Amino acid sequence: QSRSRNLPAEAAAVRRLASCGFEAGPTPASDWSLTRENAILQFFAGELDRLKALWDVTLGTRFTAATANVERLAPRWTKLPLSSQSPSLSRTGSGTPNDWLTFDLGFSSPRGTTLDRLEIARLLATGTGHKKLPNGRIAVVSLADAMDLNEVLRDVSPEQSGGAFRVKRSQLGYLENTFGSPLEKSPHTPVWPLDSSVPPPLLTILRDYQKTGVQWLLDHAASGHGGILADEMGLGKTLQSLSLLAALRRQWPDLPALVVCPKSLLANWHAEAARFTPDLTCLILEGPRRKKDFAAIPSAGLVITSYQLLARDLAEHRTIGYGAVILDEAGFIRNPDTQAAQAARALQARVRFALTGTPIENGIRDLWSLTEFAVPGYLGPRKEFAERYESPLTAGGNAPLMARLRRRMAPYILRRLKQDVAKDLPSKIIQIHPCALTPTQRELYSGLMREGAAKVLDAENAKQQGQARMHLLTTLLRLRQTCCDPRLLKLDLPKQPPADSSGKIEALAELLEEIRDGGHSVIIFSAFASMLRLIQETVDAAGLGSCRIDGSTRDRAAQVNSFQNDPAKRVFLISLKAGGYGLNLTKADTVIHFDPWWNPAVEAQATDRAHRIGQERPVTVYKLITTGTVEEKILKLQEKKRGLMDAALDDEAPLMEGLTDEDLRSLLT
């Protein structure tokens, strides 16, 4: 059976050969050849081994004979004990001797031939990269590899005296990625093993890839270095971070940890901490009286604050020595000049970690800002990084430079995609995403609750049970609308930005940003058709194309086809009643339920528009729930009466025949 040709791969191979100096023959069927001596030697010195790792390479007898007397020299480094370093390397600086790494560097071949760096420099200057040895053999050095070595040394900014270099120990991983391990490595034995560090209840919850992530975090914390956990959205960065913090509490029992996140996620972190790490005393810093709470920080296990408040409270935070600081949605500091970024870098902590599903959003500068927080000084001064990396990479077409940056970042960034860990994932991941009420919502909610409860009580006292039930239903509807967005109430409210009016809109905007940058497609469900029109504004602001189905839609098939087949259409807005069934939307790998539905079976049916036969990726489901409101009670009622909830609440004519009066009253108490 014939196989179809992969023309793009063939074109890439042709370009690769041409870059190595190969020349095409006179006809398309002719062989490619490498004829010039220097090109052959350089190919042997560097590119050949790289091609062997990618292609099936067979060496012909002529090539083998031509290179029989050639010795390929490569950089070799040796770590030196601290006691052997030159006195001239004992620079005054921060840290202990163990914070430094001393090494020697030279070039050698498998046969034992060595050349010092001065000789290598002379070969580079002549542009040949090879020399004849006294024994008649030819020593050859890859000019590209030697130039890369020079750039690596510039990156790590070593002190040098005689034959020794000294660099910060944080550069060890980068050097190993470049030169290989200087010694035979023994099996990795963690300083803080996962099984003895993380509380047993958490170990039973963590999936295999999450255990790998937590051990990675623990290894970095044990070495005194931070890092960037850049797992894709939906892979559990919060759970992995809480597992780390629980382990660190055992190592550093007197040091609190600080989590900084967007204000819309304060409730989410609090809820997740209560669920997974109940032994960590949790303190949220928010509101006008938060300054008084700083006195309680030394006895807290976990302190949570927002980026907005961090900058305002920086003076107080700087008086506290934290064990760990974690920035969630660390894209908030991608601009290093913002107050949030400057405040984060000024915090005092033993280790720092940044969590983000989009480590590079606007450009390479984002990476510098995140790394400067997590591993201060690792990427060098900002101006130098901009000149050597940001500007050239922004211009494009510099594959070796990008490869070096990846190699440089690899020790301090952990990035897993859903498809990379699919074997460890269930086919559907459901996450409750708590949202906090805005001040506007909270005031309206409290007033509606008081007013509704009074009307119900008056009707019950008048023995008007039917009227009392109607007041219950109406009040619940208006409370649910308030939780979504006060604009649904159609009251004469002061105009303000949507994110200030609704905590859910703010949370949705942040989710959409990560969905957009992660290349995902999403279905957003709401029980309120009028809410979809408000959500549309946020979708448009995120720059995402969308489709929509609600009760007024007449071209359902056209909307489905557009979403499934148009790459620009990344969001599908659907009212639960109109589009919760009969649709096949496997393009979406994310589902957001903007508001909870009374009947969990209806929610599940709606989710299955994406999670169905033909879906090749795990589906992540987010349920946006406002904390301390009727929505939390709806979730509890769903669990309690999952088998009985067979009625739904229509946004125009609320009827919940499957709920008893006792059920309804429980939602208002």
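Residues numbered from 1 in each chain as written. Predicted model: local features only at pLDDT ≥ 70, side-chain atom pairs only at ≥ 80, totals over all residues. Heavy atoms only, no water.

## Notes on the overall build of the chain
- Scanning the chain from terminus to terminus reveals 28 helices and 20 strands.
- Here the chain holds 669 residues, and 51% of them are scored as buried.
- Intrachain contacts of the chain at a sequence separation of at least 6 include 72% that bridge at least 24 residues.
- Carbon together with sulfur atoms contributes 52% to the accessible area of the chain, which is approximately 31,800 Å² in total. (Helix = DSSP H or I, 4+ residues; strand = E, 2+ residues; numbered from the N terminus. Buried < 20%, exposed > 50% of the residue type's maximum accessible area, 1.4 Å probe, protein only. Contact = heavy atoms within 4.5 Å. Areas by Shrake-Rupley, 256 points an atom, 1.4 Å probe, with all protein chains shown as cover.)

## A word on the state of the cysteines
- In total, this model carries 0 disulfides according to the counting rule given.
- Note on cysteine 435: no disulfide assigned, nearest cysteine sulfur contributed by cysteine 484 at a separation of 10.0 Å.
- Under the relative-accessibility criterion, cysteine 435 is labelled buried at 0%. (Disulfide = S-S within 2.5 Å.)

## Overview of the sheet that holds strand E8 (residues 227–229)
- Spatial ordering of the open sheet is given by E10-E11-E9-E12-E13-E8-E14, a layout of 7 strands whose pairing is parallel. Pairing within the sheet leaves two strands with one partner each, and these edge strands are strand E10 (282–284) and strand E14 (413–414).
- Of the pairings in the sheet, the one linking strand E9 (residues 257–261) to strand E12 (residues 322–327) comprises 4 bridges and is parallel in character. For alanine 257, the partnering residue across the bridge sits in E12 and is alanine 324.
- The strands touched by helix H11 (residues 266–276) within the sheet are E9, E10, strand E11 (302–306) and strand E13 (349–355), with E11 carrying the most contacts at an inclination of about 165°. (Pairing = 2+ DSSP bridges. Axes fitted to C-alpha atoms, helices over the stretch in contact; angles between N-to-C directions.)

## A few points about the packing of helix H5 (residues 143–156) against helix H6 (residues 172–179)
- Between H5 and H6, whose axes approach to 11 Å, the crossing angle comes to 175°. Judged by the inter-axis angle, H5 sits roughly antiparallel to H6. Facing Asp148, Leu149, Val152, Asp155 and Val156 of H5, the residues of H6 in contact are Tyr174, Leu175, Thr178 and Phe179.
- Considered class by class, the residues forming the contact of H5 with H6 number 6 nonpolar, 1 polar and 2 charged. (Parallel < 35°, antiparallel > 145°, perpendicular 65-115°, else oblique. Nonpolar A, V, L, I, M, F, W, Y, C, P; charged D, E, K, R; others polar.)

## Side note on the packing of helix H16 (residues 364–374) against helix H17 (residues 382–395)
- Running from amino to carboxyl end, H16 crosses H17 at an angle of 150°, the nearest separation of the two axes being 9 Å. For the pair H16 and H17, the sense of crossing is right-handed. Every residue of H17 that contacts H16 at Ile364, Arg365 and Trp368 is listed here: Arg382, Phe385, Glu390 and Leu393.
- Taken together, the residues that form the contact of H16 with H17 break down as 4 nonpolar, no polar and 3 charged. (Left-handed = near helix turned anticlockwise from the far one by under 90°.)

## With respect to the pairing of strand E17 (residues 545–549)
- Of all 5 residues in E17, 4 are buried, a share of seventy percent or more.
- Relative to strand E18 (residues 569–575), E17 runs parallel, the two sharing 5 bridges. Within the sheet, the bridge partner assigned to isoleucine 549 lies in E18 and is isoleucine 574.

## Describing a nonpolar patch on the surface
- Taken together, Leu54, Trp55, Val57 and Leu59 make up a surface patch of nonpolar side chains, about 340 Å² in accessible area.
- Assignment of secondary structure puts leucine 54 in helix H2 (residues 37–54). (Patch = residues over 30% accessible without salt bridge, like charges linked within 9 Å, V, L, I, M, F, W, Y side chains within 5 Å. Salt bridge = Lys/Arg side-chain N within 4 Å of Asp/Glu carboxyl O.)

## Some points on helix H23 (residues 529–541)
- Residues of H23 that are buried: Met531, Leu532, Leu534, Ile535, Gln536, Thr538 and Val539.
- Buried residues along H23 sit in contact with helix H20 (465–484), helix H22 (503–517), strand E16 (522–526), E17 and E18.
- After H23 finishes, the residue glycine 543 shows a positive phi value of roughly 75°.

## Let's talk about the packing of aromatic side chains
- Using the criterion set out here, one finds 5 aromatic pairs in the structure.
- Both rings, one in tyrosine 307 and one in phenylalanine 332, keep their centres 4.7 Å apart while their planes meet at 5°; by these two values the pair is stacked. With tyrosine 307 in helix H13 (residues 307–312) and phenylalanine 332 in the loop between E12 and helix H15 (339–346), the pair connects residues that are 25 residues apart, well separated along the chain.
- Relative accessible area serves as the criterion here: at 2%, tyrosine 307 is assigned to the buried category.
- Judged by its relative accessible area of 33%, phenylalanine 332 is partly exposed.
- Note that arginine 408 overlies the ring of tyrosine 378, its terminal NZ or CZ placed 6.0 Å from the centroid.
- When the ring centre of phenylalanine 563 is taken as reference, the NZ or CZ atom of lysine 587 above it lies at 5.0 Å. (Phe/Tyr/Trp six-rings, centres within 6.5 Å; stacked < 30°, edge-to-face > 60°. Lys NZ or Arg CZ within 6 Å of the ring centre and 35° of its normal.)

## Topic: the pairing of strand E19 (residues 590–593)
- The two faces of E19 match: Thr590 and Ile592 on one face and Val591 and His593 on the other face are all buried.
- As paired strands, E19 and strand E20 (residues 619–626) are joined by 4 bridges and run parallel to one another. Within E20, the position partnered with threonine 590 by the bridge is threonine 620.

## Focus on the environment of leucine 544
- Within the fold, leucine 544 resides in the loop between H23 and E17.
- Leaving out residues up to four positions away in the same chain, leucine 544 has contacts with Leu512, Arg516, Val539, Arg570 and Val571.

## A short note on the pattern of salt bridges
- Throughout the structure, instances matching the rule amount to 24 salt bridges.
- A salt bridge links glutamate 272 to arginine 275; the shortest N-O distance between them is 4.0 Å. With glutamate 272 and arginine 275 both in helix H11 and 3 residues apart, the pair spans about one turn of that helix.
- Accessibility expressed as a relative area gives 16% for glutamate 272, which makes it buried.
- Owing to a relative accessible area of 59%, arginine 275 belongs among the exposed residues under this scheme.
- A salt bridge links glutamate 513 to arginine 334; the nearest nitrogen and oxygen atoms lie 3.5 Å apart. In this pair, glutamate 513 is assigned in helix H22 and arginine 334 in the loop between E12 and H15, connecting sequence segments 179 residues apart.
- On the basis of relative accessibility, which here comes to 27%, the residue glutamate 513 falls in the partly exposed class.
- Each of Glu151, Arg154, Asp155, Arg388, Arg404 and Arg408 takes part in a single network of salt bridges with overlapping partners.

## Some details on unusual backbone geometry
- We note that serine 157 has phi near 50°; this positive angle belongs to a residue other than glycine.
- As for its position among the elements, serine 157 is in the loop between H5 and strand E6 (159–161).
- Although it is not a glycine, lysine 463 adopts a positive phi angle of roughly 60°.
- With respect to the secondary-structure elements, lysine 463 resides in the loop between helix H19 (439–461) and H20.
- Among the residues examined, lysine 463 registers a relative accessible area of 71% and is labelled exposed.

## Brief notes about the nonpolar core
- Of all hydrophobic cores here, the largest spans 65 residues; its most connected members are Leu175, Leu327 and Ile333.
- In terms of residue count, the dominant contributor to this core is H16 (6 residues).
- In this view, leucine 175 contacts Trp77, Leu101, Phe103, Val152, Val156, Val167 and Gly180; residues no more than four positions away in its chain are not counted.
- Core analysis: the second largest hydrophobic core is formed by 38 residues, Leu206, Ala246, Phe276 and Leu280 among them. (Core = buried A, V, L, I, M, F, W, Y, C linked by side-chain atoms within 4.5 Å.)

## Focus: the side chain of glutamate 510
- Note that glutamate 510 resides in helix H22.
- Despite being buried, glutamate 510 has no salt bridge partner; lysine 263 is the closest side chain of opposite charge, sitting 8.5 Å away. (Lys, Arg positive; Asp, Glu negative; His and termini not counted.)

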